[in-house]
Amino acid sequence: MTSRVAAAIDAARTEGRGAFVGYLPLGFPDLQASIDAAVALAESGADILELGPPYSDPVMDGTVIQEATQAALAGGFRLRDTFTAVREITRRVDVPVLVMTYWNPVMQYGVDRYADDLLAAGGAGLITPDITPDAAAEWIAASTRTGLDRVFLAAPTSTDERLELIVRESTGFIYTVSTMGITGERAQLDAAARTLVARLRAHGAAHACVGIGISNAAQVAGVLEYADGAIVGTALVRALRDGGIDGLRDVARALAAGTRAQVN
């Protein structure tokens, strides 16, 4: 079964550029506005949408995203709203939609039921930041059955053995992070991400996308010197918070321009 996510990255590559993966939280500032925002992001140049259902303990998110997800929860977001949102977004735009979710809500909902409902809504797969392939047998089985992509995370601290497993079990792309903690000096983060992507390539990774606090077109272009895609989250959430959907469109278009930049 062909991965729609990998196909989107390959299509960008055919056009001589890297892929732009854009993240937004679902339910912020409210459910319908988050749907409209995701559609606007796709229309403004995102090749892949990464949508995050709000979670009560978002241990891997920065302050801007945490505040947005807390607002979404306070506004009454429910897990089932994820599928409503994905269904409407995929009806309006033809861009693969990945749901970035912590594992506990998937377990609570039922892994097979979650996979079936996501597939029925038109979703492309899951990014699962807090579960590793060796602990994900049930999800690997469900995603294999449904053809949904499973995107696991790789970090510089990962052993070669772990990277081998991540490459073997991931589909769509591997989510490459330069640090598992608070982001620090960008030059160091870029070096760490570049090294990690090279290690993943050595293990046979065909698609590696990098997320390291990328916030402008020059940073997108820099990451795409060595990676297949650049993942942007906080800068988009801030744009939506401060400038509404028009502000989001402006920032998304500027970031998308970085996928075509030639960096010496």
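Residues numbered from 1 in each chain as written. Predicted model: local features only at pLDDT ≥ 70, side-chain atom pairs only at ≥ 80, totals over all residues. Heavy atoms only, no water.

### Considerations on the overall build of the protein
At step 1: For the protein, the helix and strand inventory stands at 11 helices and 9 strands.
At step 2: A compact globule built from 264 residues should have a C-alpha radius of gyration of about 18 Å, and the protein, at 17 Å, falls within 12% of that.
At step 3: A principal-axis box enclosing the C-alpha atoms of the protein has dimensions of 45 × 40 × 35 Å.
At step 4: Burial analysis of the protein (264 residues in total) assigns 56% to the buried set.
At step 5: For the protein, contacts bridging at least 24 residues in sequence account for 69% of all contacts bridging at least 6.
At step 6: Carbon and sulfur atoms make up 50% of the accessible area of the protein, which totals about 11,000 Å². (Helix = DSSP H or I, 4+ residues; strand = E, 2+ residues; numbered from the N terminus. Rg over C-alpha atoms; globule rule 2.2 N^0.38 Å. Buried < 20%, exposed > 50% of the residue type's maximum accessible area, 1.4 Å probe, protein only. Contact = heavy atoms within 4.5 Å. Areas by Shrake-Rupley, 256 points an atom, 1.4 Å probe, with all protein chains shown as cover.)

### A few points about the nonpolar core
At step 1: Grouped together as the largest cluster of nonpolar side chains are 91 residues, with contacts concentrated most on Leu49, Ile89, Trp139 and Phe173.
At step 2: Residues within four places of Leu49 in sequence aside, it is in contact with Gly22, Ala38, Leu41, Ala42, Ile89, Val95, Pro96, Val97 and Leu98. (Core = buried A, V, L, I, M, F, W, Y, C linked by side-chain atoms within 4.5 Å.)

### Quick look at the pairing of strand E2 (residues 48-52)
At step 1: Extensive coverage of E2 is indicated by the burial of 5 of its 5 residues.
At step 2: By the bridge criterion, 5 bridges tie strand E1 (residues 19-25) to E2 in an arrangement that is parallel. Across the sheet, Tyr23 pairs through a bridge with Glu50, a residue of E2.
At step 3: Handedness of the crossover joining E1 and E2 through helix H2 (residues 31-43): right-handed.
At step 4: The pairing of E2 with strand E3 (residues 97-100) spans 3 bridges and is parallel. Among the inter-strand pairings, Leu49 is bridged to a residue of E3, identified as Val97. (Pairing = 2+ DSSP bridges. Right-handed = clockwise from strand over helix to strand, strands pointing away.)

### Section: the environment of Leu248
At step 1: Checked against the element boundaries, Leu248 lands in helix H11 (residues 234-257).
At step 2: Each C-alpha atom, one on Leu248 and one on Leu236, is 6.1 Å from the other, the two residues being 12 residues apart in sequence.
At step 3: Those residues in contact with Leu248, other than ones at most four positions away along the chain, are Leu24, Ala37, Leu236, Ala239 and Leu240.

### Things to note about the packing of aromatic side chains
At step 1: If you walk through the whole model with that rule in mind, you get 5 aromatic pairs.
At step 2: Ring centres of Phe83 and Tyr109 lie 5.2 Å apart, and the angle between their planes is 35°; on these two criteria the pair is classed as tilted. Taken as a pair, Phe83 in helix H4 (residues 81-92) and Tyr109 in helix H5 (residues 103-109) lie far apart in primary sequence, 26 residues in all.
At step 3: Among the residues examined, Phe83 registers a relative accessible area of 5% and is labelled buried.
At step 4: The interplanar angle of 80° and the centroid separation of 5.6 Å between the aromatic rings of Tyr109 and Tyr114 together place this pair among those described as edge-to-face. (Phe/Tyr/Trp six-rings, centres within 6.5 Å; stacked < 30°, edge-to-face > 60°.)

### Re the packing of helix H3 (residues 63-74) against H11
If you want to describe how two helices pack, look at the angle between their axes and the distance between the axes.
At step 1: Relative orientation of the contacting elements H3 and H11 amounts to 50°, with a least axis distance of 9 Å. With respect to H11, the element H3 is oriented oblique. The two elements H3 and H11 cross, and the hand of that crossing is left-handed. Together, Val64, Ile65, Glu67 and Ala68 of H3 and Thr234, Val237, Arg238 and Arg241 of H11 make up the contact between the two elements.
At step 2: Here the contact of H3 with H11 is composed, by residue class, of 4 nonpolar, 1 polar and 3 charged. (Axes fitted to C-alpha atoms, helices over the stretch in contact; angles between N-to-C directions. Parallel < 35°, antiparallel > 145°, perpendicular 65-115°, else oblique. Left-handed = near helix turned anticlockwise from the far one by under 90°. Nonpolar A, V, L, I, M, F, W, Y, C, P; charged D, E, K, R; others polar.)

### Section: the sheet that holds strand E4 (residues 125-127)
At step 1: On the basis of which strands lie adjacent, the open sheet formed by 9 strands has the order E5-E4-E3-E2-E1-E9-E8-E7-E6 and parallel pairing. Taken across any chain shown, the strands that pair with only one partner, and hence form the sheet edges, are strand E5 (149-151) and strand E6 (153-154).
At step 2: The sheet contact formed by E6 and strand E7 (residues 174-177) spans 2 bridges and is parallel. Bridge pairing in E7 links Ala154 to Thr176.
At step 3: In the packing of H11 onto the sheet, contacts are made with E1 and strand E9 (229-232), and the angle to E1 comes to roughly 175°.

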